[in-house]
Amino acid sequence: MPKSESPSCEVKRRLSEQFAIAARRFDEAVVLLTNHPSQMTPGEHERLWTDSRQALERADAAARAYKEHVDAHGCAKLPTGYERSADSSR
Ligand SMILES: [Zn+2]
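Reading the values: rules and limits
Residues numbered from 1 in each chain as written. Predicted model: local features only at pLDDT ≥ 70, side-chain atom pairs only at ≥ 80, totals over all residues. Helix = DSSP H or I, 4+ residues; strand = E, 2+ residues; numbered from the N terminus. Buried ≥ 20, exposed ≤ 12 C-beta atoms within 10 Å, placed from the backbone. Contact = placed C-beta atoms within 7 Å. Expected span 1.5 Å × (residues − 1). Core = buried A, V, L, I, M, F, W, Y, C linked by C-beta atoms within 7 Å. Axes fitted to C-alpha atoms, helices over the stretch in contact; angles between N-to-C directions. Parallel < 35°, antiparallel > 145°, perpendicular 65-115°, else oblique. Left-handed = near helix turned anticlockwise from the far one by under 90°. Nonpolar A, V, L, I, M, F, W, Y, C, P; charged D, E, K, R; others polar. pLDDT = per-residue confidence, 0-100.

## Section: the overall build of the chain
Then, number 1: On a plain count of helices and strands, the chain comes out with 3 helices and 0 strands.
Then, number 2: Ordering the α and β elements of the chain from the N terminus gives α-α-α.
Then, number 3: Expressed as a percentage of the 90 residues in the chain, the buried residues total 10%.
Then, number 4: Across the chain, contacts joining residues at least 24 apart in sequence account for 75% of those joining residues at least 6 apart.

## A short note on helix α2 (residues 42-73)
Then, number 1: Relative to the 46 Å expected for 32 residues at 1.5 Å per residue, α2 spans 46 Å between its end C-alpha atoms, a close match to the ideal helical length.
Then, number 2: Listing the buried residues of α2 in full gives Ala55, Ala59, Ala62 and Tyr66.
Then, number 3: Looking at the buried residues of α2, the elements they touch are α1 (10-35).

## Overview of the nonpolar core
Then, number 1: Leu15, Ala22, Phe26, Ala29, Ala55, Ala59, Ala62 and Tyr66 form the largest nonpolar core, which has 8 residues in total.
Then, number 2: Counting residues per element, the ones that place at least two in this core are α1 and α2.
Then, number 3: When neighbours within four sequence positions are excluded, Ala62 is seen to be in contact with Leu15, Gln18, Phe19 and Ala22.

## A closer look at α1
Then, number 1: In a regular helix each residue adds 1.5 Å, so 26 residues correspond to 38 Å; α1 covers 37 Å between its end C-alpha atoms and thus fits that length.
Then, number 2: The set of residues buried in α1 consists of Leu15, Ala22, Phe26 and Ala29.
Then, number 3: In this fold, the buried residues of α1 make contact with α2.

## Examining the packing of α1 against α2
Then, number 1: Between α1 and α2, the shortest axis-to-axis distance is 8 Å and the interhelical angle comes to 155°. Between α1 and α2, the angle falls in the class roughly antiparallel. Along this stretch, α1 crosses α2, giving a crossing that reads as left-handed.
Then, number 2: Split by residue class, the contact of α1 with α2 holds 20 nonpolar, 4 polar and 4 charged.

## Regarding the confidence of the model for the chain
Then, number 1: Across the chain, the average pLDDT comes to 82, with 77% of residues at or above 70.
Then, number 2: Low pLDDT (under 50) marks residues 82-90, which in the prediction has 3 contacts with non-local residues, meaning those over four places away or in another chain.

## Side note on the environment of Arg64
Then, number 1: Following the sequence through the fold, Arg64 ends up in helix α2.
Then, number 2: C-alpha separation for the pair Arg64 and Phe19, spaced 45 residues apart in sequence, amounts to 9.5 Å.

Listed below in structure tokens is the structure:
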């Protein structure tokens with residue numbers, strides 16, 4: 001059976017999860033960079049910068065993929081918890 005309106009879209013959930021993970025990694029890297037910069041070797045410092053930049057890029061890519069997906073799929077209009085009332089009203 002064709003299901004055009006999936007209230008809990010698996011792709012959407014995975015993309016938002018990817019975004020959350022990347023965003024948290026960026027957050028952690030920034031906290032490490034700002035908390036103890038003097039206790040770090042230049043190499044560690046450099047790696048953290050690279051880490052945070054990569055995490056930011058990944059979060060950005062995930063956010064873009066998320067937006068593209070919900071635009072194409074239309075699943076952004078079905079936030080979790082609303083699916084019942086939205087469904088029965090039609
Ligand atoms: Zn979707």
